[in-house]
Amino acid sequence: MNAPADSLLEMARSGDTDQLESIWLERMESPGELAPYLEAIEALTEAGRRGPACDLLKVLAAALEKGDRFEDQFEALKVLVELGNDDAGLRPELLRVLEKAYGTEPWYPHYLERSGLSGETRLREALEHWTLLRGFCPGEVIYHRNRGTVALVESFNKVEEEILVAFEGGPKTEFPLETAEEVLQPLARDDLRAMRIRDLEGAQQFARENHPLVLRKVAQLFRGRATAPQVKETLNGTIVPIKEWAGWWKKAKAASVKDPYLAVEGSATRPIFNLRERPITLAEEAQQTLFRAENLAQAVEYTRRYIKTGLQGDDLAPLLDIIGRQCEGYIEDEGQKTAVLEGLLLIEEHGRTPEPSSAHVVETAVRDEAIIELFDSLENPESRTAALEVLRKAMPDEWADTLVVDFANLPATILEGAASMLAAESQSNRLAPLFAELVKRPSRSPAPLVYLGHLWAGGHLGEHGLTGSEILQGLVSLASVLNSKRRDVPERPRLVKRLIQLLTAQSGKLINNLVSVTSSEASSSLIKIAETTPDFPVEISEALLIAAREHHPSLFGKKDDTPFWEGDFIISTQRGIEKRREDLRNLIEDKIPANSRAIGEAASFGDLSENSEWESAIHEQKLLTEKATQIQAELEKARTIEGEELPEGKVAPGVKVELEVEGGEHRTFSILGPWDADGKTVVSYRSPIALGLLSHAVGETVQLELPGETMTVTILSIERII
């Protein structure tokens, strides 16, 4: 029975040479892959057991020869040389094996003579030279050090002693062997660049099945440390097809934190992958990290991070023990009160009962009138939620009073949890007076007003004395406040998102109802706020416009006959605009920084006057910045289809059209914006086929002027899709 491949390495590291030898011999009838054996030999050598390592290598070499695996046998014998074995004894053996492996190849006698293996050159030097030359054989992949590109070796010219290589996306070039040795670097067959050239489909399948191993290989390309943009640049669109990237990347990040050979730094969205010299388990890594923590707060933060990566059960217990001991030691330290509470809450989350408990810390804070400061200091979302529950259990008769009295002063990070808890216990109606006060002064406490608004919309506030018009004016003004005071409002992005959800829920039903009870003058004022506030939420302004058109059509005056899509602007769906914004973000945050790094690396090659890599990177910089400027200008001219009034019964952006082509063929497609188009079922309103149909009605026959042809179609149906 064969042992798992990695058990060889584990036994070599443990020093159990007897058991290692037993399993080694057991596997010799069918050795399998070479790599696990060589890894075990390396571990034995590092542990000072060179003698046993050489003995096992000789056994392995004999078994490989028995299976006619001469290339692998040669690799095993090379390691024997590296371990200091007798040159005179091994040279004839190496030559014999090489003859069996490559004797019929046209390049073999040339490479053998050039390497010095058949002459008097020192064996180690000759082997190094042979290894280099072996990488120039047909079918191997090389890397051009100066160009920074990869190529496939296609053939060897034995007369001229030169190789022909085909560069990826470029020309074929001949290199004399002497020149090749200076500028070309052979790539190992398991190098990702070589895998991509030799067998792209095989490399893609390998990536699907080996997420962390692929990340290791990427890290190797970047000297053992790969950033998220470097991983994406290396893999996306080649080894990982574009359509598979999002799913692959998610799985790879999850698998990387459990890989013993990878140490992951950075954030969840932009991780950095570091290759370890020696593998360690996630539990071992976690304990080492905690011992290096500078304080209790950092230890708690690290522990939560490891829990999110999947650490639990017996592996988690030692970390909780460490946190518990530190909490006991700092319980009387006022400066550590927050960290102690964070630690105690973490321990209690996992079924333990620490002494003292988190309830003791919370009660003390309430008595000291420091509950707001304590909640505000909690940085972890799980801790804030847990602390609210602890407050309720620790002070069953006083917790609601504490939250109601201090609601306007609670940190934004716990307001939603506090509002939900009060509503669940039928205590939220006590906040109605505060809601009435803040609606009239939305700039005073933006965060509490957002969550009070949700309580009101859910029917949890009771009598507040406000009209629908007053509530609408307060909430629209709040949207303006949140966008004009970006730096002054904690948790602003989340608050904006929650406000959008509040006002546009159920396809804008709430805002529609509020506009219906608001005067034309007040609605006009609110629309002006939405139009003049920088970065005002598009979703809210659209809902306002749609509702105002329905309830106050007089605000929009008499329209001329100019279609809404004609003008110096770009019509798109909201989704299309967000897609274009993501393109801009990708340029600014990923591609342009990556290009800047490439410029720096190219500059390090020396003389810029003859540095093609530097010139190429500078040219790319110009293209990327121009593209970013173009997209920014486009977004400034963007208008949403959702905010427009579509003409009744006419072809316009925002409809699906069914056509009958001359000859009887039926075609159906949607007309949207240029950022929505997919070239198949969705076309841009600026496309030739859409331009020919706009403003036409069902039953009309239209002649379309398309590139290279004229098409006659009849409009069968028009269906509004926006």
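All values derive from a computational prediction rather than experimental measurement.

A look at the overall build of the protein chain
- Looking only at helices and strands, the protein chain has 32 helices and 15 strands in total.
- For the protein chain, the C-alpha radius of gyration of 35 Å lies well beyond 27 Å, the compact-globule estimate for 722 residues.
- The C-alpha extent of the protein chain, read off along each of the three principal axes, is 100 × 85 × 55 Å.
- Split into buried and exposed, the 722 residues of the protein chain put 46% on the buried side.
- Sequence separation of 24 or more characterises 58% of the internal contacts of the protein chain that already satisfy a separation of 6 or more.

Regarding the sheet that holds strand β5 (residues 184-186)
- On the basis of which strands lie adjacent, the open sheet formed by five strands has the order β4-β3-β2-β1-β5 and antiparallel pairing. Each of the sheet's edge strands pairs with one partner strand only, and the pair in question is β4 (172-176) and β5. Adjacent strand axes in the sheet meet at a mean angle of 40° when their direction is disregarded.
- Sheet topology note: the strand β3 (residues 162-167)/β4 ladder contains five bridges and is antiparallel. By the bridge assignment for β4, E162 is matched with P176.

Quick notes on the sheet that holds strand β11 (residues 655-661)
- One open sheet accounts for five strands, arranged β13-β12-β11-β15-β14; its pairing is mixed. A single partner strand is all that each edge strand has here, and the edge strands are β13 (682-684) and β14 (701-706). Here the strands of the sheet are splayed against their neighbours by 45° on average, with no regard to which way each runs.
- Bridge count between β11 and strand β12 (residues 666-672): six bridges; the pairing is antiparallel.

As for the packing of aromatic side chains
- If you walk through the whole model with that rule in mind, you get 14 aromatic pairs.
- When the ring of W249 is compared with that of F273, the centres are 6.0 Å apart and the planes differ by 80°; the resulting orientation is edge-to-face. One end of the pair, W249, is in helix α14 (residues 245-256); the other, F273, is in strand β8 (residues 271-275), and 24 residues separate them in sequence. Here W249 and F273 have matching classes, each one buried.
- Ring centres of F435 and W456 lie 6.3 Å apart, and the angle between their planes is 20°; on these two criteria the pair is classed as stacked. Of this pair, F435 sits in helix α24 (residues 432-440) while W456 sits in helix α25 (residues 446-457); the two residues are 21 residues apart in sequence, bridging distant segments of the chain.
- Residue F435 is classed as buried on the basis of its relative accessible area, which comes to 0%.
- Assessed through its relative accessible area of 17%, W456 is described here as buried.
- The rings of F74, Y102, W107, Y108, Y111, W130 and F156 are connected pair by pair, giving a single aromatic cluster.

Let's talk about the pattern of salt bridges
- Tallying each qualifying case throughout the model produces 37 salt bridges.
- Between R270 and D590 there is a salt bridge, with the nearest N and O atoms lying 3.0 Å from each other. With R270 in the loop between β7 (262-266) and β8 and D590 in helix α30 (residues 574-603), the pair connects residues that are 320 residues apart, well separated along the chain.
- What makes R270 partly exposed here is its relative accessible area of 35%.
- Taking relative accessible area as the criterion, D590 reaches 11% and is therefore assigned buried.
- The network of salt bridges with common partners includes R270, E582, R585, E589 and D590.

Some details on helix α23 (residues 412-424)
- Here α23 is 13 residues long and its end C-alpha atoms lie 19 Å apart, about the 18 Å a rise of 1.5 Å per residue gives.
- Among the residues making up α23, those that are buried are A412, I414, L415, A418, A419, M421, L422 and A423.
- One or two positions beyond α23, positive phi appears at S426, with a value near 55°.

With respect to the packing of helix α2 (residues 17-27) against helix α4 (residues 50-66)
- Running from N to C, α2 and α4 cross one another at 5°; their axes reach a closest spacing of 11 Å. Compared by their axis directions, α2 and α4 come out roughly parallel. Facing α2, whose interface residues are L20, E21, W24 and L25, α4 presents L56, V59 and L60.

Some details on the pairing of β3
- The buried fraction of β3 is high, at five of six residues.
- As consecutive antiparallel partners, strand β2 (residues 149-157) and β3 are separated by four residues, and within that stretch E161 has a phi angle of approximately 50°, a positive value.
- Following β3, the chain reverses through four residues before pairing antiparallel with β4; G169 in that reversal takes a positive phi of roughly 70°.

Some points on unusual backbone geometry
- Phi at E161 takes a positive value of approximately 50°, unusual for a residue other than glycine.
- Secondary-structure assignment places E161 in the loop between β2 and β3.
- Owing to a relative accessible area of 30%, E161 belongs among the partly exposed residues under this scheme.
- Although it is not a glycine, S695 adopts a positive phi angle of roughly 75°.
- Inspection of the secondary structure puts S695 in the loop between α32 (688-693) and β14.

Comments concerning the packing of helix α22 (residues 399-406) against α23
- Interhelical geometry of α22 versus α23 gives an angle of 130° and a closest axis separation of 11 Å. Taken together, the axis directions place α22 and α23 in an arrangement best described as oblique. Considering only the axes of α22 and α23, their crossing is left-handed. Across the interface between the two elements, W399, A400, L403 and V404 of α22 pack against A418, M421 and L422 of α23.

Details of the side chain of S687
- Note that S687 resides in the loop between β13 and α32.
- Take S687: its relative accessible area is 16%, and that puts it in the buried class.
- Of the polar contacts made by the side chain of S687, one reaches the backbone oxygen of S684; its length is 2.7 Å.

Some thoughts on the nonpolar core
- L403, F407, L410, L431, F435 and L499 are the most contacted members of the largest nonpolar core, which has 92 residues in total.
- Once you skip the residues sitting within four places of it in the chain, F407 turns out to touch L415, A418, A419, L422, L431, L434, P448 and L452.
- Membership of the second largest hydrophobic core comes to 59 residues, among which are L34, A43, L177 and A180.

Here we look at the side chain of R196
- Topologically, R196 is positioned in helix α10 (residues 192-198).
- Among residues more than four places away in sequence, those in contact with R196 are V150, E168, A203, T238 and I239.

Comments concerning helix α18 (residues 337-349)
- Here α18 contains 13 residues, and its C-alpha end-to-end distance of 18 Å stays within 8% of the 18 Å for a straight helix at 1.5 Å per residue.
- With 10 of 13 residues buried, α18 lies mostly within the body of the structure.
- Among the residues of α18, K337, A339, V340, L341, E342, G343, L344, L345, L346 and I347 are the ones counted as buried.
- Looking one or two residues past α18, G351 carries a phi angle of roughly 80°, positive in sign.

Cut-offs and rules
- Residues numbered from 1 in each chain as written.
- Predicted model: local features only at pLDDT ≥ 70, side-chain atom pairs only at ≥ 80, totals over all residues.
- Heavy atoms only, no water.
- Helix = DSSP H or I, 4+ residues; strand = E, 2+ residues; numbered from the N terminus.
- Rg over C-alpha atoms; globule rule 2.2 N^0.38 Å.
- Buried < 20%, exposed > 50% of the residue type's maximum accessible area, 1.4 Å probe, protein only.
- Contact = heavy atoms within 4.5 Å.
- Pairing = 2+ DSSP bridges.
- Axes fitted to C-alpha atoms, helices over the stretch in contact; angles between N-to-C directions.
- Phe/Tyr/Trp six-rings, centres within 6.5 Å; stacked < 30°, edge-to-face > 60°.
- Salt bridge = Lys/Arg side-chain N within 4 Å of Asp/Glu carboxyl O.
- Expected span 1.5 Å × (residues − 1).
- Parallel < 35°, antiparallel > 145°, perpendicular 65-115°, else oblique.
- Left-handed = near helix turned anticlockwise from the far one by under 90°.
- Polar contact = N/O pair within 3.5 Å; in protein donor to acceptor, adjacent residues only side chain to side chain.
- Core = buried A, V, L, I, M, F, W, Y, C linked by side-chain atoms within 4.5 Å.

Geometric values such as these leave the question of function open.
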